[in-house]
Amino acid sequence: MLKRHMPSITALQCFEAVARHLSFTRAAQELSLTQSAVSKQVAQLEELLQHLLFRRVRRRLQLTPAGSLYLTEVRKILAQVEMSTHYMLSYGGDTEVLRVATPPTFGARWLIPRLKGWRMRHPNIHLDLRNELEPDALAQGRSDVAFFFGQGALPGAECIRLFSEEVVPVCSPSVMPATPFTEPTQLTELVLLQNATRPEAWHEWFLSQDRHTEHSYHGPRFDTSYMCIRAAQAGCGVALLPRFLVEEELAEGKLVIPWDHPMPSRNAYYLAYPEHVAEVPKVRDFVRWMLEQLDAETL
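Reading guide: rules and limits
- Residues numbered from 1 in each chain as written.
- Predicted model: local features only at pLDDT ≥ 70, side-chain atom pairs only at ≥ 80, totals over all residues.
- Heavy atoms only, no water.
- Buried < 20%, exposed > 50% of the residue type's maximum accessible area, 1.4 Å probe, protein only.
- Helix = DSSP H or I, 4+ residues; strand = E, 2+ residues; numbered from the N terminus.
- 1 Å grid on protein atoms, 1.4 Å probe; cavity = no way out; pocket = protein on both sides within 12 Å on 5 of 7 lines; lining within 4 Å.
- Points joined across faces, edges and corners; volume = space filled by probe spheres on them.
- Nonpolar A, V, L, I, M, F, W, Y, C, P; charged D, E, K, R; others polar.
- Pairing = 2+ DSSP bridges.
- Axes fitted to C-alpha atoms, helices over the stretch in contact; angles between N-to-C directions.
- Contact = heavy atoms within 4.5 Å.
- Phe/Tyr/Trp six-rings, centres within 6.5 Å; stacked < 30°, edge-to-face > 60°.

Asks: How would you summarise helix α5 (residues 104-111) if you had to cite specific residues and measurements?
Replies: Extensive coverage of α5 is indicated by the burial of six of its eight residues. Regarding α5, the residues found buried are P104, T105, F106, G107, W110 and L111.

Here it is in structure tokens:
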């Protein structure tokens, strides 16, 4: 962006304060500036944008349509600057940040419980977890390590296999019929909840039992497994989910398995990191930690 099109943070702060108070005087008081200085900053901003941001109507200040539009963008910018500053202030000089990308439901249900104790052992490595449905964040440099579900091959990355899974149909006990099902296609009577990340799941599940139904792809579609879990629990229908993600609900009786046919997935869960960072201490420490967690569970 050319420098002449880059307004100062001060100008943006002045504009936002005036827009919030609809008063140059009150904005100046808040920012500890003179009213003249605030007016000058806003005027320079209007000159840069070639749009009036305020107008006076019956001696009262109002935002113009252009001002309202710009205010939305300015607030995003100022919030991001403030958040980024707090982000840096929250770490000591010796602290490193490890950016971890994870599918949302996997992160909440499996990964987070296994991070207990990390901070005690590695006080200088701050974990920054971010939801990513696909491992693109790794290739695009938005993360240092990434968890993903797939075939275990990413260009330019080392992929460590963690574990496989099996999927099972689950629903709320409240939607179960009085008479038990006698064959799997009867589940379509409950409404098949679709997971957008696994559009073929129901078709493959029926196929694994030599069954076919025209309803395999019909039903409400949800972006994440967590949304499918909540929808099933609310009685919206039956969801096909990895068993390890719903162990808690099954144990508590919040969900039941209406037709007991577990289907092993062809894919597995992996931990990946770029090849060129394999020996970076923070990455090496995190990989070692995760493998220790897995080893402890197999003892």
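Asks: So, empty space enclosed by the protein: which residues are in play, and what are the values?
Replies: All told, the structure shown has one cavity of 30 Å³ or more when counted by the stated rule. Computed from the structure, the largest cavity encloses a volume of approximately 40 Å³. Looking at the largest cavity, the residues that line it are L193, Q194, N195, R198, A201, W202, C228 and L240. Broken down by element, the residue count for the lining of the largest cavity peaks at three residues, all from strand β8 (residues 192-195). Of the residues assigned to the lining of the largest cavity, the class counts are five nonpolar, two polar and one charged.

Asks: How would you summarise the layout of surface pockets if you had to cite specific residues and measurements?
Replies: Size it by volume and the largest pocket reaches roughly 680 Å³. Around the largest pocket sit 33 residues that line it, and F149, E165, T197, R198 and N267 are the ones nearest its centre. Roughly 180 Å³ of internal volume is contained in the second largest pocket. Around the second largest pocket sit R109, W110, R114, F163, F244, L245, E247, E248, E249, L294 and E297, which together line it. Elements that contribute at least two residues to the lining of the second largest pocket include exactly α5, α10 (247-252) and α11 (281-298). The dominant element in the lining of the second largest pocket, judged by the number of residues it contributes, is α10, at three residues.

Asks: I'd like a rundown of the sheet that holds strand β6 (residues 157-163), residues and numbers included.
Replies: The strand order β4-β3-β5-β12-β6 describes an open sheet built from five strands, whose pairing is mixed. Of all strands in the sheet, those bounded by a partner on one side alone are β4 (125-131) and β6. If you compare each strand with its neighbour and ignore which way they point, the axes differ by 25 degrees on average. Both strand β3 (residues 96-102) and β4 contribute to a ladder of seven bridges, which runs parallel. Counted as the bridge partner of E96 is I125 from β4. Of the strands in this sheet, β3, β4, β5 (145-150), β6 and β12 (268-274) touch α5, which is tilted by about 115 degrees from β3. On the sheet, α11 packs against β3, β4, β5, β6 and β12 and is oriented at approximately 50 degrees with respect to β3.

Asks: Would you mind going over the packing of aromatic side chains in detail, with residue names and values included?
Replies: The relation between two aromatic rings is expressed through the spacing of the ring centres and the mutual angle of the planes. As enumerated under the stated definition, the model contains 20 aromatic pairs in all. A centroid spacing of 6.4 Å and a plane angle of 75 degrees characterise the contact between F106 and F244, whose relative ring orientation is edge-to-face. With F106 in helix α5 and F244 in the loop between β10 (238-242) and α10, this residue pair connects regions lying 138 residues apart in the sequence. Judged by relative accessible area, which is 24%, F244 ranks as partly exposed. Aromatic side chains F149 and Y269 sit 4.8 Å apart centroid to centroid with 50 degrees between the ring planes, which places their arrangement in the tilted category. Pair noted here: F149 is in strand β5 and Y269 is in strand β12, with a separation of 120 residues, a long-range link. Y269 gets classed as buried once you look at its relative accessible area, which sits at 5%.

Structural measurements only, silent on function.
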